[in-house]
Amino acid sequence: MTTAPKATGARVDQFFAGVETRFDRWRSLLQAARAWEGAASQQRPENEKYQAVVSASVAELRQWEDFFAYPGQALLKTLDERIASGDAGGTARLVQSLSAALLTHSYRTNLADWEGEEQSRIGLAERVPGAGEETVPHRPYFEVLVVSPARPAAWSELGQELRKLRRPQDKFIYEPVFVGSFEDAVLATILNGSLEAVMIYEGIPFASPHHSPVLREVLASHLAASGIDANSGQYGLALAQGLKQLRPELDIYFLSDREVEKVAGDTSAACVRRVFYQVEEPLELHLSILDGIGDRYDTPYFDNLQKYAQRPMGTFHALPIARGKSIFKSNWIRDMGQFYGLNLFLAESSATTGGLDSLLEPTGNIKVAQEKAARAFGADHVFFVTNGTSTSNKMVEQALLAPGDIMLVDRNCHKSHHYGGVLAGAFPLYVEAYPLTQYSMYGAVPLRTIKKALLDLKTEGKLDRARLLVLTNCTFDGHIYNVGRVMEECLAIKPDLIFLWDEAWFGFARWSPFYRRRTAMGAAAILERKFKDPAYHQAYREQEKKLGSNPSDKVLLETRLLANPDKVRLRVYQTNSTHKSMSCLRQGSMVLVKDPDYHTVEEQFHEAVFTHASTSPNLQIIASLDIARRQMELEGYELVNRSIQLALDVRREVNSHPLVSKYFHVLGADEMIPAEFRTSGFIDYLTPGTNWAKAVEALREDEFALDVTRLTLVCGSAGFDGTQFKNVLAADYDIQLNKTSRNSVLLQTNINNTRSDIAQLIKVLVEISQGIEKKLADGGSAAQQAFTARVKSLMTDVPNLPNFTSFFSRFREDTSSITTEGDMRSAFFAAYREKQCEHINLFSPEVDKRLKEGPELVSANFVIPYPPGFPIMVPGQVIDAETIGFMRKLDVKEIHGYSATLGLKLLNPAFLKSEKPPSSGFANAPKTAKRKSAAAD
Ligand SMILES: Cc1ncc(COP(=O)(O)O)c(C=O)c1O
């Protein structure tokens, strides 16, 4: 006998599980309905038991279904009626049909899905988007949230009214979703990723009938902080603002029967796209909704490129593959054309006219595409870059830094920044991230370290030369900064410091309400509001009074500093590898600018673009940047949510699987971030008792947070080093991943992953674990011992990560300075003269002798082992015993800048002792002001 499934206690405000929980509920309902159908022939009491389970399962599902247009109240009513009438077969068929439509999203295009069970005859393959040829052009589907004070009984009629406005020429099609309260509007906005627009009527009640205690707790504190009275009944505009904070891309329409002119003139209505007088102009409203979506859907560059490709075109410029004739007519390379398809070649050109624009001097559709991207990312300006973020970083650094400027930079950052510093002639002042020695990787740079570096520069009289702070957010391994706090406290010490946040991996975070506040643009928007707030001005004055006129560095380090809002210049730059986290072709990258003083650097910014950008940018990459923006503005929220959910699934499954967890483990926030940086007490997303409200608090307060989509899987405990495990996954299981450490590999989920991918990964880990078990069981104690020794060597005998030492005296302005910035460019170019260099074998006794007795070993170039991927030596750096020890222990094959045959490349002592030419790197450095006497510390 089939056992009847039980209803669970899942709640609608358990957002980390939101969408998947809904689908899981549908699957459980289907199981229950089938069980009932199978038991239909049984005696009454038994049959009724099954019927009751189905009823309970539907009742539980209903808390979600109120927030989605499909299946909608009419079909759910039919379902209720079938259950009530005891029609087990009809119930199972209807549930089957509805859940298939939901799972495949076929209801978005298939009108018959809205009719109910008839569609159960359609096979799954026909429902899969893209599986069949589309006979009619695809009309994208979305949902519109209607927040209405009308009685729920009237909703269906109102919905019909809206549907009547549809016209055949509409480019998009939408369905309304009705809710009747403030809280339900928030729930719907969070849960329903298909929502693209919201209509808010005035006069809605506050409380939701749904049981959502966590949401209530968060909303209560949010409203109290915003000074909104939940009993006032006048919070339509507050709702609009709140929804925009959750999902800035949504179009919000406000319908009022008050004096609409006044509402429209209210400054808090800036987030509303249009205000309507309630009963007027339903067609205008309909057209506005479509127009809003059209604005996001438009991809000016891609649209023009498609048009260009369709035009007959004679090409007399230098790009033989354009139009594809040399390929499709070729005797030998026709397969290239077959593989890539004609459109790729029709859409190739080196022209910048004829409907195309110039990436280097955009005045047409690239300019508009960049403006749209700026709106989407919350920036003032966006620049598309077709050579990856490696280039974006160098562009920004060259634009903002002149020779002799000091650039504070995480030594563990991407190599493009180090090269950017060399090219600009800036002096890097390396700030160290905290080490995660056990996993041979770094975390992120503590704020205290950064503040200390700035205060030291102040002591040395060099603060005016500190122009740029460069940090990686999030790091390769997923450490996210408290971006707002870092900028606020640094600006308190130097009000015009510029920030470059390298968000190569984190571009997607804009579309997560959890992460947005920790992105460069999200944090800048919050700070901008803060600096305008009179309460902040007051708090600043109080802090200033409390600190007195000459606070010691110790006090400044220990105080959570507020910046002087009258003095600060909030100058924020962000670079992101759009190709790493969005649907963009490889090398597509963006530079985002939010800088009130941008006009002062605009010219040099263009120079930097001209220096680094190819004059033959790839048109397909530009188009895909445009398309990636469109996708994120329309479905980024849903996709990013899903990738977070999938990452949480992997974490939970690996760490709780009885067999897999014996050998593998995904590191939680507590293992990646020391407790001192988690002052909210947050442990991990999956710790029992943790809910999203706690995660929100941690994201607001803690110094560092972990991006859950970056999963450090420890494999050393299974006897694999990172590279070895990466190769096993690639060779034996066709699973690709990117970064490794001595004893871990980094897995990532992104908007491309599905639950099937996750299932595949878990299955593979189970198989590998079974293999280890078998090997150990078959190999007896010898195998056991070898395994234990291997695990110990990987997990315990880990080398210490070497810190940056200092630049050799020749490359320092003042060797007595407590700050360690140096003229790396001079050192870099010194190595261009062979006679100024020497090579020494890493393992030769000469190295040990020189370490003990000198002359000092000074690196001639960058030495970057992969993994971990950060430079353990930079040009001009003095090499110490720790660095040599680390190098000698490294067992990785790829070490950029080091040849095992030739040995370490050093600047030779003769050169280092020789007199400095007058044109050394210091020539352009502004003279350092007189050194301040060491601060009372
Ligand atoms: C932090 C960081 N910044 C920049 C880059 C370079 O980006 P791209 O590959 O787009 O050139 C990378 C590449 O891995 C990176 O990890």
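Thresholds, definitions, all that
- Along every chain, residues carry numbers that run from 1 in the direction the sequence is written.
- Reporting of local features is limited, given that this is a predicted model, to residues whose pLDDT is at least 70; pairs of side-chain atoms are given and counted only at 80 or more, and all residues count toward the totals for whole chains, interfaces and linings.
- Here the side-chain values reflect all heavy atoms present in the structure, with hydrogen atoms and water set aside.
- We count a salt bridge whenever a side-chain nitrogen from Lys or Arg sits within 4 Å of a carboxyl oxygen from Asp or Glu.
- Categorising residues by exposure relies on relative accessible area from a 1.4 Å probe, with only protein chains included: less than 20% of the type maximum marks a residue as buried, more than 50% marks it as exposed, and the intermediate range marks it as partly exposed.
- By the criteria applied, helices consist of DSSP H or I runs no shorter than four residues and strands consist of E runs no shorter than two, each listed in order from the N terminus.
- Patches draw on residues past 30% relative accessible area with no salt bridge. Two like charges within 9 Å are joined, as are two nonpolar side chains (Val, Leu, Ile, Met, Phe, Trp, Tyr) within 5 Å.
- The Shrake-Rupley method, run with a 1.4 Å probe sphere, supplies the accessible areas, and residue values consider only the shown protein chains as cover.
- Expected helix span is taken as 1.5 Å per residue step, with the number of steps being one fewer than the number of residues.
- To obtain the arc, one takes the directions from the helix axis to the C-beta atoms.
- Think of a polar contact as two N or O atoms within 3.5 Å of one another; within protein, one of them needs to be a possible hydrogen donor and the other a possible acceptor, and neighboring residues in sequence only count if both atoms come from side chains.
- Paired rings are identified among Phe, Tyr and Trp, the last through its six-membered ring, by centres lying within 6.5 Å, and are further divided according to the angle between planes into stacked (under 30 degrees), edge-to-face (over 60) and tilted (the rest).
- Strands are labelled as partners when DSSP assigns at least two bridges between them.
- The crossover handedness rule: strands pointing away from the viewer, path from first strand over the helix to second strand clockwise, crossover right-handed.
- Any residue with a heavy atom lying within 4 Å of a molecule or strand is counted as near it.
- By the convention adopted, Pro, Cys, Tyr, Trp, Phe, Met, Ile, Leu, Val and Ala count as nonpolar, Lys, Arg, Asp and Glu as charged, and the other residues, Gly among them, as polar.
- With axes taken as lines fitted to C-alpha atoms, and helix axes fitted only over the stretch in contact, angles between N-to-C directions fall between 0 and 180 degrees.
- Contacts were defined at the residue level, with two residues in contact if any of their heavy atoms lie within 4.5 Å.

1. Here's the deal with the pattern of salt bridges
- As enumerated under the stated definition, the model contains 46 salt bridges in all.
- For the salt bridge of Asp 496 with Lys 494, the shortest nitrogen-to-oxygen distance reads 2.8 Å.
- When its relative accessible area of 38% is taken as the criterion, Asp 496 is described as partly exposed.
- Looking at Lys 494, the relative accessible area reads 7%, which means it is buried.
- The partner of Lys 763 in a salt bridge is Glu 767, with the nearest N and O atoms 3.2 Å apart. Here Lys 763 pairs with Glu 767, and both are found in helix α31 (residues 755-795), just four residues apart, close to one helical turn.
- Looking at Glu 767, the relative accessible area reads 35%, which means it is partly exposed.

2. Describing a nonpolar patch on the surface
- Together, Ile 321, Trp 332, Ile 333, Met 336, Phe 339 and Tyr 340 make up an exposed nonpolar region whose accessible area comes to about 700 Å².
- For Ile 321, the position within the fold is in the loop between α12 (300-310) and α13 (325-328).

3. So, helix α30 (residues 722-733)
- Relative to the 16 Å expected for twelve residues at 1.5 Å per residue, α30 spans 16 Å between its end C-alpha atoms, a close match to the ideal helical length.
- Regarding α30, the residues found buried are Gly 722, Phe 725, Val 728, Leu 729 and Tyr 733. Projection of α30 onto a plane perpendicular to its axis shows the buried side chains occupying an angular sector of 125 degrees, all on one side.
- One side-chain oxygen at the N-terminal end of α30 lies 3.0 Å from the backbone nitrogen of Thr 723; it belongs to Asp 721.
- Looking one or two residues beyond α30, the residue adopting positive phi is Asp 734, at roughly 55 degrees.

4. A look at the packing of aromatic side chains
- For the coordinates displayed, the defined rule picks out 42 aromatic pairs.
- With a centroid separation of 4.8 Å and an interplanar angle of 85 degrees, the aromatic rings of Phe 339 and Tyr 340 are classed as edge-to-face. For the residue pair Phe 339 and Tyr 340, the accessibility class agrees, reading exposed in each case.
- Ring pairs connect the aromatic residues Tyr 419, Phe 828, Phe 829, Tyr 832 and Phe 862, which therefore count as one cluster.

5. Some points on the pairing of strand β5 (residues 274-277)
- Pairing between strand β4 (residues 251-256) and β5: four bridges, direction parallel. If you follow Phe 254 over to β5, its bridge partner there is Val 275.
- In this region the chain leaves β4, passes through helix α10 (residues 260-265) and returns to the parallel neighbour β5; the handedness of that crossover is right-handed.

6. Things to note about the site of the ligand
- Near the ligand, the surroundings consist of Gly 388, Thr 389, Ser 390, Asn 393, His 414, Thr 472, Asp 502, Ala 504, Trp 505, Ser 577, His 579 and Lys 580.
- Across the complex, the protein chains shield 85% of the 390 Å² of accessible surface that the ligand would expose by itself.
- Elements supplying a minimum of two residues to the shell around the ligand: α17 (388-400) and α24 (578-581).
- Partitioning the shell around the ligand into residue classes produces two nonpolar, eight polar and two charged.

7. Points about the sheet that holds strand β14 (residues 571-576)
- Reading across the sheet, the seven strands line up as β6-β15-β14-β13-β11-β7-β8 and stay open at both edges, with mixed pairing between neighbours. Strand pairing shows two members of the sheet lacking a second neighbour, β6 (381-385) and β8 (427-431), which therefore form its edges. Taken over all neighbouring pairs, the strand axes of this sheet differ in orientation by 20 degrees on average, direction set aside.
- Inspection of the sheet shows strand β7 (residues 406-410) paired to strand β11 (residues 466-472) by four bridges, in the parallel sense. Note on β11: the bridge partner recorded for Val 409 is Val 470.
- Helix α21 (residues 520-532) rests against β13 (498-502), β14 and β15 (589-594) of the sheet, and its axis sits at about 10 degrees to β15.

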